[in-house]
Amino acid sequence: MPDMTPLPGQTIYVAPTDGTPLEETGTVDTSAPPEGQWKEAWKQLRSNWIFWVSAVLLVIIFIVVLFPGLFTDINPRQAQLSRSLEGPSADHWFGFDRQGYDVFSRVVYGARASVTVGILTMLFVTVVGLLTGAVAGFYGKWVDTAISRVADIFFAIPLILGAIVLLSTLNNVWSNRGYWGGVLAVVLVLAVFGWPQMTRIARGAVLEIKSLEFIDAARAIGATKRSNLWRHVIPNSLAPVIVTATVSLGVYIVAEATLSFLGIGLPPSVVSWGNDIAAAQSQVRSGNNLHVLFFPAGALAITVLSFMLLGDAVRDALDPKAKKS
């Protein structure tokens, strides 16, 4: 106890107990369960306007992908050559392209192929990259060396360049592959060169998680390595993987459009934004009837921007350190 004796000329004032209700200001609700990482992330997302803007845009895009008939009853493959390059009107909002196809109908139905390629590629890359990165980071030694060196080989090849070479070869072997065959071919080619980045992200997250105390505690009470990997390490390493997957989805949609623009992606018979942008090259060179290019390119830009905004919002919610920096 400190000496409370007042010095000469000093007075000691003690506040009344009823004026300082310490029991109220210091009360902690110990009955409430602790909030986990995902609940905290959801609270952050709900207060972020970028998340809501991107979520609304993506909901609209997914409705267009799943139910294109709700937006137009015009067949995107029905050509009216007499209306070739006709401009926008009240009946046909986006006008017609050179072949006489309704541009609005093409934009609506083209969303399905482009978004499907992006989602399937993202899922494939995430699964393969998460598994290989988790195994490499957790077991280490020769397993880590082998997986890392194979990933480095593929990582050294640029995504678009590797996809061009592989798809060009595939087109010579399997030219008539139809709608789903064309989609799966592009998905597999992009996934072949896209998984190393996800492997690196997952490996780094696992290396950080596996050295924490709760992993040692689980091992001390008898948990096996495999159990630790699947029950503790991988679930707690998902945050950076989810952020990377969300952002990369937009990248893969752009990659599909680029490959289709070059004429080696989806077959010309498939209605997609990339094919329509490629078909509008002559209008770009002439500088006339640019609506043929503007609308599919605008739909592609809005979709990619939505996924990028969602990725930024998810990153801020799951990685507070990145937000501070």
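Residues numbered from 1 in each chain as written. Predicted model: local features only at pLDDT ≥ 70, side-chain atom pairs only at ≥ 80, totals over all residues. Heavy atoms only, no water.

K.L.:
Any chance you could break down the nonpolar core for me, citing the residues and the numbers?
P.N.:
If you look at the biggest cluster of nonpolar residues, it comprises 48 residues, and the most contacted ones within it are Val-107, Val-233 and Leu-300. Secondary structure elements with two or more residues in this core: helix H2 (37-46), helix H3 (49-66), helix H4 (103-139), helix H7 (178-209), helix H9 (225-236), helix H10 (238-261), helix H11 (273-279) and helix H13 (291-318). It is H4 that provides the largest number of residues to this core, a total of 11 residues. In this structure Val-107 touches Phe-94, Trp-273, Phe-295, Pro-296 and Ala-299, once residues within four positions along its chain are discounted. (Core = buried A, V, L, I, M, F, W, Y, C linked by side-chain atoms within 4.5 Å. Buried < 20%, exposed > 50% of the residue type's maximum accessible area, 1.4 Å probe, protein only. Helix = DSSP H or I, 4+ residues; strand = E, 2+ residues; numbered from the N terminus. Contact = heavy atoms within 4.5 Å.)

K.L.:
An account of the pattern of salt bridges is needed here, citing residue identities and associated values.
P.N.:
With the rule as written, the count across this model stands at five salt bridges. Between Asp-276 and Arg-106 there is a salt bridge, and its shortest N-O distance comes to 2.8 Å. With Asp-276 in helix H11 and Arg-106 in helix H4, this residue pair connects regions lying 170 residues apart in the sequence. What makes Arg-106 buried here is its relative accessible area of 9%. Residue Arg-315 pairs with Asp-312 through a salt bridge whose shortest N-O separation is 3.8 Å. Of this pair, Arg-315 and Asp-312 both sit in helix H13, three residues apart, which is roughly one turn of the helix. Several salt bridges converge on common partners, so that one network encompasses Arg-149, Asp-152 and Arg-200. (Salt bridge = Lys/Arg side-chain N within 4 Å of Asp/Glu carboxyl O.)

K.L.:
Any chance you could break down the UniProt feature "transmembrane region" (unreviewed entry) in the protein chain for me, citing the residues and the numbers?
P.N.:
Summarizing the sequence annotation, UniProt attributes the feature "transmembrane region" (unreviewed entry) to residues 49-71, 115-139, 151-171, 177-195, 233-255 and 293-314 in the numbering used throughout. For residues 115-139, helix accounts for 100% and strand for 0%, while the C-alpha atoms at its two ends are 36 Å apart. Secondary structure within residues 233-255 divides into 96% helix and 0% strand; the distance between the first and last C-alpha atoms comes to 32 Å. (UniProt positions renumbered as here; feature names shortened; annotations may be inferred.)

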